[in-house]
Structures are given as structure tokens and as C-alpha cells.
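The primary structure of each chain is shown beneath.
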Amino acid sequence: MNDITGSIRAEFLRYKALAEGAIAQLRDDELGRADPAVDNSVAVLVTHVSGNLASRFTDFLTSDGEKPWRERENEFAPHQPTRDALLSAWDRGWRILIDTLDALEDADLGRTVTIRGTPFTVHAALHRALAHTSYHVGQIVWIAKHVRGPDWRWLSIPPGQTEAYNRMPAYERPDAHAERLASERRQT
């Protein structure tokens, strides 16, 4: 794995783990519950992120990132999918992204790709996608935290535990943080 593409891959996986940690805390009937403050549900945001990743990273180096088969407007339609259907779409988008990142070399970072006909260097497109994904993961986490209320389990440093964490910051590296979140999900 190359240094730069590897670090970008690790950060994507950190945000994937954060979203999955939030999704795992929701009951099935809560996945499609829209939050009035953001006018989206976790299901809508998961569908949108999945569609975006699949579109942007299918044939990443050779075709425009906005695919003609993508139905972006439908991604934002309120819906109540089953957990399995939602996570299947989620996994598909992420698999396309990870397969693409695994095939990239740091030497590819200066190449040009297009998104909606606009040229971007590969590194700019990757950072753009990472920022977009992290933005929506933040919304997913916020909605899930709001829905779960006092039953919320913290995905990062819980309130009042900063000093203890700072003495042993085991999860600063994105891969360690992602693994901790995945391990906690497996235990519940």
C-alpha cells in the first residue's frame, strides 16, 4: 500500500466504521425516521453515500464520476428499507471505493479524472470524496445520537474521559479507531 493512498483509505474506513457504529445502535424502525433538523433519515443518508461512492469510483480513472445510471434525486426520497437491503447497498458502494483505492498507486495521484465533466486531479477527487463522505457520516452519527438519546453509546472519547484517553491515545490512528468500533459492534 502506498503512503498517500493508504492514508486516504484508512480515513475512509474510519468514517465507514463511525457510520456503522451509529447505524448498529438504531432499531430497524428508526433507520427511516427523518430528523426535522436535517430533513433526512439515516436510511436516506446511507443510500446517498452508497450511490455517491458507487458512481464516483466505478471505473474511476476512465469514466466521469457522475454515472448516467445514478439516480441521485431518488437517493433523497424518504424510505424505510430493511436493514439488510440498506446495508447491502452500503457495502456495495464501499466495496467499489475500497477496490478502487487498493488498485491506485501514489503515482496515479497526479492523473486527471472528471466529475460532471469538470476535471480534477486524482488526489483532489479523493479528498473531495473523503470530505463529502465524512460530512454525511457526521449527519448519520448526529441523527442516530439524537434518536437514541440517553441510550447512545459513544463512538469517540466519551464526555469526562479526555484525560484518561490522553494518557493512552490508542485510537488516534484511523485503522485502530475503525477496528475498535468494529470490535464493539461484534460484541453487541
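In what follows, the structure referred to is the one given above.
This section reports on the structure supplied with the text. (Residues numbered from 1 in each chain as written. Predicted model: local features only at pLDDT ≥ 70, side-chain atom pairs only at ≥ 80, totals over all residues. Heavy atoms only, no water.)

**Digging into the side chain of Arg83**
Consideration 1: With respect to the helices, strands and loops of the structure, Arg83 is situated in helix H4 (residues 83–103).
Consideration 2: Leave out the neighbours within four places in its chain, and Arg83 touches Ile23, Ala24, Leu26, Arg27, Asp28 and Leu31. (Helix = DSSP H or I, 4+ residues; strand = E, 2+ residues; numbered from the N terminus. Contact = heavy atoms within 4.5 Å.)

**A closer look at the environment of Thr5**
Consideration 1: Inspection of the secondary structure puts Thr5 in helix H1 (residues 3–24).
Consideration 2: Residue classification places Thr5 among the buried residues on the basis of a relative accessible area of 0%.
Consideration 3: Measuring from C-alpha to C-alpha, the distance between Thr5 and Asp106 comes to 6.1 Å, with 101 residues separating the pair along the chain.
Consideration 4: Apart from residues no more than four positions distant in its own chain, Thr5 is found in contact with Leu104, Glu105, Asp106 and Leu109. (Buried < 20%, exposed > 50% of the residue type's maximum accessible area, 1.4 Å probe, protein only.)

**Examining the layout of surface pockets**
Consideration 1: Of the volumes computed, that of the largest pocket is approximately 210 Å³.
Consideration 2: Every residue along the wall of the largest pocket is listed here: Trp154, Ser156, Ile157, Pro158, Gln161, Ala164, Tyr165, Tyr171, Glu172, His177 and Arg180.
Consideration 3: At the level of secondary structure, the elements contributing two or more residues to the lining of the largest pocket comprise helix H6 (162–167) and helix H7 (174–187).
Consideration 4: Considered class by class, the residues forming the lining of the largest pocket number six nonpolar, three polar and two charged. (1 Å grid on protein atoms, 1.4 Å probe; cavity = no way out; pocket = protein on both sides within 12 Å on 5 of 7 lines; lining within 4 Å. Points joined across faces, edges and corners; volume = space filled by probe spheres on them. Nonpolar A, V, L, I, M, F, W, Y, C, P; charged D, E, K, R; others polar.)

**Observations concerning the side chain of Thr100**
Consideration 1: Following the sequence through the fold, Thr100 ends up in helix H4.
Consideration 2: When residues no more than four places from it in sequence are discounted, the contact partners of Thr100 are Phe57 and Phe60.

**Overview of H4**
Consideration 1: Helix length check: H4 (21 residues) gives 30 Å between terminal C-alpha atoms against 30 Å at 1.5 Å per residue, within 8%.
Consideration 2: When H4 is considered as a whole, its buried residues turn out to be Arg83, Leu86, Trp90, Gly93, Trp94, Ile96, Leu97, Ile98, Thr100 and Leu101. (Expected span 1.5 Å × (residues − 1).)

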